[in-house]
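So you can see what is in the structure, the chains are spelled out below.
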Amino acid sequence: MDLLVNCIKRSDVSIYYLFNRKIHCTFLDILMRNITQIGSTVFSIAFPFLFFLSARQEVRNIGMDLIYTLTISQLIVHSIKRLVRRPRPFKILKNAIADNPPACQYSFPSGHTCTAFSFALPLINYIPVLTPILLIMAILVGISRIYLGFHYPTDVFIGCFIAYMGHMINLSIL
């Protein structure tokens, strides 16, 4: 078991450095700073409520689905963050790049990634033709969190998984 855990930790750090140190350039700096906003608190509140405020009942239903999935998944994310208390990688790893770090000091799991997938998964149910675009956007949010130095790859992976679980819980309730 220790061998597996050590292998995961080494891979986590190696992939982190690949995205955070080796592929940095001005274009990606701008892209990643902007794409990560899809998982931000402001976006996560505004986006579903725009749907919810629609005059059309079908659109309001999408908004409610987004709100429920997001609420379930974020409750799980923030509970785990407080229980695990994994420090952000830029605080531990040498030569990590992290401009404008988030206020929350814990990295596991990634709330931004969870938010992006909490939007993508319900929307895929309603608008399947957008599946590739929605998944690419959500994946890019996860990559942006590593690129910007705020999360390890496992933080991102688990954030995605929690969004999936939140979506499945939401579907089972409806």
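Just so it is clear, the model here is predicted, and its values are computed rather than measured.

Colleague: Mind showing me how you'd approach helix α4 (residues 57-84) here?
Modeller: Count 3.6 residues to each turn of an α-helix, and residues three or four apart come out pointing the same way. Helix length check: α4, at 28 residues, gives a terminal C-alpha distance of 40 Å against a target of 40 Å (1.5 Å per residue), a fit within 8%. The positive-phi residue at the C-terminal boundary of α4 is Arg85, with phi of around 55°.

Colleague: In this structure, what is going on with the side chain of Ser44? I would like to understand it.
Modeller: For Ser44, the position within the fold is in helix α3 (residues 41-52). Judged by its relative accessible area of 11%, Ser44 is buried. Within the structure, Ser44 has its side chain in polar contact with the backbone oxygen of Thr41 (distance 2.9 Å).

Colleague: What am I meant to see in the environment of Leu171 here?
Modeller: Structurally, Leu171 is set in helix α8 (residues 153-173). For Leu171, a relative accessible area of 36% puts it in the partly exposed group. Considered as a pair, Leu171 and Ala120 are 51 residues apart in the sequence and their alpha carbons are 14 Å apart.

Colleague: Hey, could you run me through the pattern of salt bridges in this one?
Modeller: When the charged atoms of two side chains with opposite charge come close together, those side chains can pair. With the rule as written, the count across this model stands at three salt bridges. Between Arg86 and Asp155 there is a salt bridge, with the nearest N and O atoms lying 2.8 Å from each other. Within this pair, whereas Arg86 is found in the loop between α4 and α5 (89-92), its partner Asp155 is found in helix α8, the two being separated by 69 residues in sequence. Arg86 gets classed as partly exposed once you look at its relative accessible area, which sits at 21%. Classification of Asp155 as buried rests on a relative accessible area of 0%. A single network of salt bridges, built from pairs that share partners, joins Asp12, Arg86 and Asp155.

Colleague: How should I be thinking about the environment of Arg33 in this particular structure?
Modeller: With respect to the secondary-structure elements, Arg33 resides in helix α2 (residues 26-35). What makes Arg33 partly exposed here is its relative accessible area of 40%. For the pair Arg33 and Leu123, spaced 90 residues apart in sequence, the C-alpha to C-alpha distance is 24 Å.

Calculation notes
- Residues numbered from 1 in each chain as written.
- Predicted model: local features only at pLDDT ≥ 70, side-chain atom pairs only at ≥ 80, totals over all residues.
- Heavy atoms only, no water.
- Helix = DSSP H or I, 4+ residues; strand = E, 2+ residues; numbered from the N terminus.
- Expected span 1.5 Å × (residues − 1).
- Buried < 20%, exposed > 50% of the residue type's maximum accessible area, 1.4 Å probe, protein only.
- Polar contact = N/O pair within 3.5 Å; in protein donor to acceptor, adjacent residues only side chain to side chain.
- Salt bridge = Lys/Arg side-chain N within 4 Å of Asp/Glu carboxyl O.

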